[in-house]
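Report on the structure
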Amino acid sequence: MNRLSDIGTIKEILSKHGFSFSKGLGQNFLINPSVCPRMAEMSGAGENVGVIEIGPGIGVLTTELCKLSSKVIAIEIDKRLIPVLDETLSDFDNVKVINEDVMKIDLKKLIEDEFQGMQVVVCANLPYYITSPVIMRLLEESLPIEAITVMVQKEAAQRMCAEIGTRQSGAVTVAVNFYSKPKVLFNVSAGSFIPAPKVDSAVIRLDVLKTPSVDVKDSKKFFRVVKAAFSQRRKTLPNSLSSGLGLPKSEVNNLLTECNLSLNLRAEQLKLEDFKNIADKI
Ligand code: SAM
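Residues numbered from 1 in each chain as written. Predicted model: local features only at pLDDT ≥ 70, side-chain atom pairs only at ≥ 80, totals over all residues. Heavy atoms only, no water.

1. Considering the site of the ligand
Short version of the rule: When at least one non-hydrogen atom of a residue lies within 4 Å of a molecule or strand, that residue is treated as near it. Side-chain atoms alone can form a polar contact between residues adjacent in sequence; in general such a contact is a pair of N or O atoms within 3.5 Å, and within protein one must be able to donate a hydrogen while the other accepts it. Accessible areas in this description were obtained via Shrake-Rupley with a 1.4 Å probe; residue shielding takes into account the shown protein chains only. Residue polarity follows a fixed list, in which Ala, Val, Leu, Ile, Met, Phe, Trp, Tyr, Cys and Pro are nonpolar, Asp, Glu, Lys and Arg are charged, and the others, Gly among them, are polar.
As a structural note, the neighbourhood of the ligand is formed by 24 residues, with L30, G55, E76, N125 and Y129 the closest of them. Contacts to the ligand include G55, whose backbone N or O atom sits 2.9 Å from a nitrogen atom. Note that an oxygen atom of the ligand is positioned 3.3 Å from one of the backbone N or O atoms of G57. For the ligand, the accessible surface in isolation is 600 Å², of which the surrounding protein chains cover 99%. Partitioning the shell around the ligand into residue classes produces 13 nonpolar, six polar and five charged.

2. A look at the side chain of N125
Rules: For helices the rule is a DSSP run of H or I covering at least 4 residues; for strands it is a run of E covering at least 2, with both sets numbered from the N terminus onward. Whether two residues touch is decided by their heavy atoms; if any such pair falls within 4.5 Å, the residues are in contact.
Inspection of the secondary structure puts N125 in strand 5 (residues 119–125). Excluding its chain neighbours within four sequence positions, the residues that come into contact with N125 are N28, L30, M39, I54, G55, L61, M151 and F193.

3. Here's the deal with unusual backbone geometry
Short version of the rule: Each residue gets one of three labels from its accessible area relative to the maximum for its type: buried under 20%, exposed over 50%, partly exposed in between, using a 1.4 Å probe on protein chains only.
For the bond running from I194 to P195, omega is -15°, close enough to zero to count as cis. With respect to the element layout, P195 can be found in the loop between strand 8 (193–194) and strand 9 (201–208). One non-glycine residue, N48, adopts positive backbone phi at about 60°. Take N48: it is sitting in the loop between helix 2 (35–42) and strand 2 (49–54). Look at N48 and you get partly exposed, because its relative accessible area is 45%. Phi at S142 is positive, roughly 50°, even though this residue is not glycine. Summarising the element assignment, S142 is placed in the loop between helix 6 (131–140) and strand 6 (147–153).

4. Description of the pairing of strand 5
Selection rule: Two strands qualify as a pair provided that DSSP identifies no fewer than 2 bridges between them.
Among the seven residues of strand 5, six are classified as buried, and the element is accordingly described as predominantly covered. In this structure, strand 2 lies alongside strand 5, joined through four bridges in parallel fashion. By the bridge assignment for strand 5, V51 is matched with V121. In the sheet, strand 5 pairs with strand 6 via five bridges, with the strands oriented parallel.

Below you can see the structure in the form of structure tokens.
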């Protein structure tokens, strides 16, 4: 079975299975034939590489991943798509579909059980309602994953891949850069999907670091500082940190001065090391 990005084929398969799109599950299926081969190629999928796909839909990206890599595990929450995938993936014996919620499944165990001795990458067209939680889960759990190649909303892609210390950066930029080296691979127009979403998308790749990019004493504290600093991003650091961390302003002022940081700075002007220095001193 191929041509899964062909709109006629998709409609035929879906009507045969009595399937209708669920907006709540972020079901926008790809109909642009050039996107999936490119994504699969750039994801690091290959011989002796295991791939985890989140949300295979009707299998348009899954088939490309199966052609390139030794084993693909596709996690799909919607049980109505399981018989569809049985049919569309029937040509491949290197794929397993798991009917689960990616936010609930034990990923560490899944990798141990399914990918022994293999390098592992993630490749997915993510459902937009859980983009950040999924990416943060993949990064925070110290999973043995080499790279994460995902399609996300263009704005989210720009935010995650922004340079730290610029206006485009946010708490998620710091988090992503703490665990990985992110880059935007290519943009995908809204018209590449059925149904078409309201906004354009982009494919990003996060190369996961073996150890975090800054050596912090306590990562929970580090992220509390980052969250507090960006919680009121228009305010200067003494204001955002003292209200976000519940500390007296005089204490925050002393802390910032000890870190050689001006009291007029805002969160978006700090580097990773600045957040580390503040957190390590609290
Ligand atoms: N990969 C397909 C494509 O590119 O055409 C479908 C992508 S669609 C944007 C997102 C997919 O994720 C849907 O198939 C949806 O059912 C599935 N999904 C939504 N929430 C999920 C969750 N929590 N866990 C696993 N899959 C989920």
